[in-house]
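# Descriptive structure summary
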Amino acid sequence: MGVMVMSRKERSRLEVLGWKERSGISLVKAAEAMGVSYRQAKRIWKRYQAGKEHGLVHFGRGRKSNRGHDLEVKKRALREYRERYKGFGPTLASEKLEEDGIRIDHETLRRWLIAEGLWERQRKPRRHRQRRERKPCFGDLIQMDGSHHDWFEGRGEKCCLMSMVDDATGTTMALMAEDETTEAAMRLLQHWIRTYGIPMALYTDRKNVYILDRASKPEELFEGKEPMSAFGKVCRKLGIRIIAARSPQAKGRVERKHGVYQDRWVKELRIKGIRTVAEANQFVGTFTDRINEKFAREPASDVDHHRPLEPAACLEDIFCWEETRVLRNDWTVRYENRVYQVIRQSTLPPAKQKVTILRRLDGSLRIVYRGQSIAFVECKEPIEPVQKVNERKTWHPGHDHPWRKSFNELFKTKRPNESNAALT
């Protein structure tokens, strides 16, 4: 079975057209999602109907280029290089081969020589990285990362230490978790905000916990939204900018702080005889306070750029997972294989409307419609499907119905002799 190669644009068009085929949206909206004109969308849709995903792939893919060189020219050029120009660079060798009547571009010759092992790719020197100065104010930038290590030295299961380090002062805060998950990152950031305030920016790596590196879904394209993780949505509500580092050296302060924890924190756990995550979290706050007293430094500026939390803000509703659902005709909504019944109230949302379900860190749920909370209860028994009232059935005419007769059979005229015979 062959492998079909599709570009990023072709895969995006395949998702949009597949969604149009399933949901029946108009071709005008599909054209907006693909970023093409309506006439071009008609051509693409026609090719998709004819060959599905094969119709979206460029017809010239996999074919030999009309400007490509013949095999004999390639063999002759490589033979001349081995015999006369071995050790020459691709640029100089292409110039010498052109004097011999073999005209080949130097980049083409370079690819041929590398494939044959006659030329080694020239490695570029390491990129010079200039040292970045610390941010001047406390709260300008917070570096955040997780460290996987055998923290209990075999006494318990391996876990992850989530830590945050202020770039200006080196002030740190940590939390033990089973893994580097979204919940662990939310709990640590929530604890930091309750202690110091809302920072300006977070410096993280490119894990899916913090950012989503994928193409936008058709629904996101129609609404004009970018792919965002649950943690990213929390930071957007708080006005925190997430900066994704492209190397471990970029967030070197939190990486070096991991070394401090792996040296000192492991020994503290050994002295205390701690072997579970819950026991470690009870003691990690006292340990980080001692680390801050010993290693933290004064910032260059006395201004604290942490923003205070608004009095009306509720951190429990901010640090949560958001999911969109549609109310059924009986005012029920399904979430994580459970059905919830919306209670009748003065501001009852209409059926078939979208509501937002918030799942907090403690596991509690909240249903919101246009910024207002909705009262609901969980249905213990399975919900039966709603029966439609006065459902209209499709009528099919019988076999002898006049509609099934042809025009000649329906308006057939009798002959004159047949009519006279009938009168006699």
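Residues numbered from 1 in each chain as written. Predicted model: local features only at pLDDT ≥ 70, side-chain atom pairs only at ≥ 80, totals over all residues. Heavy atoms only, no water.

Further remarks concern the sheet that holds strand 7 (residues 332-335). Sheet architecture is open: 3 strands sit in the order 7-8-12, paired in antiparallel fashion. Whereas interior strands pair on both sides, the edge strands pair on one side only; in this sheet they are strand 7 and strand 12 (376-378). Pairs of neighbouring strands in the sheet enclose a mean axial angle of 30 degrees, with direction left out of account. Bridge analysis of strand 8 (residues 338-342) against strand 12 gives 3 bridges, and the strand direction is antiparallel. Directly across from Tyr340, in strand 12, lies its bridge partner Glu378. (Pairing = 2+ DSSP bridges. Helix = DSSP H or I, 4+ residues; strand = E, 2+ residues; numbered from the N terminus. Axes fitted to C-alpha atoms, helices over the stretch in contact; angles between N-to-C directions.)

Evaluation of the coordinates by the stated rule reveals 10 aromatic pairs. Ring geometry for Phe138 and Trp192: centres 6.5 Å apart, planes at 55 degrees, overall tilted. Of this pair, Phe138 sits in the loop between helix 7 (106-116) and strand 1 (142-149) while Trp192 sits in helix 8 (residues 182-195); the two residues are 54 residues apart in sequence, bridging distant segments of the chain. For Phe138, a relative accessible area of 14% corresponds to the buried category. With a centroid separation of 6.0 Å and 50 degrees between ring planes, the pair formed by Tyr261 and Phe287 is classed as tilted. With a gap of 26 residues between them, Tyr261 in helix 11 (residues 252-272) and Phe287 in helix 12 (residues 277-295) connect regions that are remote in the sequence. Across the pair, exposure class does not vary: Tyr261 and Phe287 are buried alike. Among the aromatic residues, those joined into a ring-pair cluster are Tyr261, Trp265, Phe283 and Phe287. (Phe/Tyr/Trp six-rings, centres within 6.5 Å; stacked < 30°, edge-to-face > 60°. Buried < 20%, exposed > 50% of the residue type's maximum accessible area, 1.4 Å probe, protein only.)

The backbone of Trp331 shows a phi angle near 55 degrees, a positive value even though the residue is not glycine. If you trace the backbone, Trp331 turns up in the loop between strand 6 (320-326) and strand 7. The class for Trp331 is partly exposed, based on a relative accessible area of 26%. A positive phi angle is found at Lys352, which is not glycine, with a value near 65 degrees.

Turning to the sheet that holds strand 2 (residues 159-166), a few remarks are in order. Strand order in the open sheet made by the 5 strands is 3-2-1-4-5, with mixed pairing throughout. Looking at strand neighbours, the two that pair on one side only are strand 3 (172-177) and strand 5 (241-244), the edges of this open sheet. Between one strand and the next, the sheet's axes are offset by a mean angle of 25 degrees, whatever the strand orientation. As judged from the 4 bridges shared by strand 4 (residues 201-204) and strand 5, these two strands associate in the parallel manner. Bridge pairing links Ala201 to Arg241 in strand 5. Helix-sheet contacts for helix 10 (residues 230-238) involve strand 1, strand 4 and strand 5, and the interaxial angle to strand 5 is about 135 degrees. With respect to the sheet, helix 12 is in contact with strand 2 and strand 3, its orientation differing from that of strand 3 by roughly 165 degrees. (Contact = heavy atoms within 4.5 Å.)

Side chains of residues three or four places apart in an α-helix project in the same direction, reflecting 3.6 residues per turn. In this model, helix 11 (21 residues) spans 30 Å end to end at C-alpha, consistent with the 30 Å of a helix rising 1.5 Å per residue. For helix 11, the principal kink sits at Tyr261 and spans about 30 degrees. For helix 11, the set of buried residues is Gly252, Arg253, Val254, Lys257, His258, Tyr261, Trp265, Val266 and Leu269. Just past helix 11, the residue Gly273 takes up positive phi, approximately 70 degrees. (Expected span 1.5 Å × (residues − 1). Bend = angle between axes of the 7 residues up to and from the residue.)

Before going further, it helps to examine the environment of Lys135. Topologically, Lys135 is positioned in the loop between helix 7 and strand 1. Using a relative accessible area of 35% as the deciding quantity, one classes Lys135 as partly exposed. When the C-alpha positions of Lys135 and Asp166 are compared, they lie 9.0 Å apart, and in sequence the two are 31 residues distant. Apart from the residues lying within four places of it in its own chain, the contact partners of Lys135 are Asp140, Leu141, Asp167 and Ala168.

When two helices pack together, their arrangement is captured by the angle between the axes and the distance separating the axes. At a closest axis distance of 10 Å, the pairing of helix 1 (residues 8-23) and helix 2 (residues 27-34) adopts a crossing angle of 160 degrees. Relative to helix 2, the element helix 1 is oriented roughly antiparallel. In the crossing of helix 1 with helix 2, the sense of the turn from one axis to the other is right-handed. Where helix 1 approaches helix 2, its residues Arg13, Val16, Leu17 and Lys20 are matched on the opposing element by Leu27, Ala30, Ala33 and Met34. Counted by class, the contact of helix 1 with helix 2 contains 6 nonpolar, no polar and 2 charged residues. (Parallel < 35°, antiparallel > 145°, perpendicular 65-115°, else oblique. Left-handed = near helix turned anticlockwise from the far one by under 90°. Nonpolar A, V, L, I, M, F, W, Y, C, P; charged D, E, K, R; others polar.)

On the surface, Arg131, Arg134, Arg256 and Arg297 cluster together into a patch of positive charge. Topologically, Arg256 is positioned in helix 11. (Patch = residues over 30% accessible without salt bridge, like charges linked within 9 Å, V, L, I, M, F, W, Y side chains within 5 Å. Areas by Shrake-Rupley, 256 points an atom, 1.4 Å probe, with all protein chains shown as cover. Salt bridge = Lys/Arg side-chain N within 4 Å of Asp/Glu carboxyl O. Lys, Arg positive; Asp, Glu negative; His and termini not counted. Charge placed at Lys NZ, Arg CZ, Asp CG, Glu CD.)

To continue, consider the pairing of strand 8. Pairing geometry for strand 7 and strand 8, over 4 bridges, is antiparallel. Within the sheet, the bridge partner assigned to Thr332 lies in strand 8 and is Gln341. Here strand 7 folds back onto strand 8 in antiparallel fashion, the turn holding 2 residues, of which Glu336 has a positive phi close to 55 degrees.

Right, let's talk about the confidence of the model for the protein chain for a bit. Any region with low pLDDT has predicted coordinates that should not be read closely. Residues at a pLDDT of 70 or more form 92% of the protein chain, whose mean pLDDT is 86. This model gives residues 418-424 a pLDDT under 50, and the stretch forms 0 contacts once residues within four places in sequence are excluded. (pLDDT = per-residue confidence, 0-100.)

Turning our eyes to something else, we now look at the packing of helix 11 against helix 12. Closest axis-to-axis distance for the helix 11/helix 12 pair is 11 Å, and the angle between their directions is 130 degrees. One way to sum up the angle between helix 11 and helix 12 is to call them oblique. Here the hand of the crossing between helix 11 and helix 12 comes out right-handed. Here Lys257, Val260, Tyr261, Arg264, Trp265, Glu268, Leu269 and Lys272 of helix 11 come into contact with helix 12, specifically with Ala280, Phe283, Val284, Phe287, Thr288, Arg290, Ile291, Lys294 and Phe295. Counted by class, the contact of helix 11 with helix 12 contains 10 nonpolar, 1 polar and 6 charged residues.

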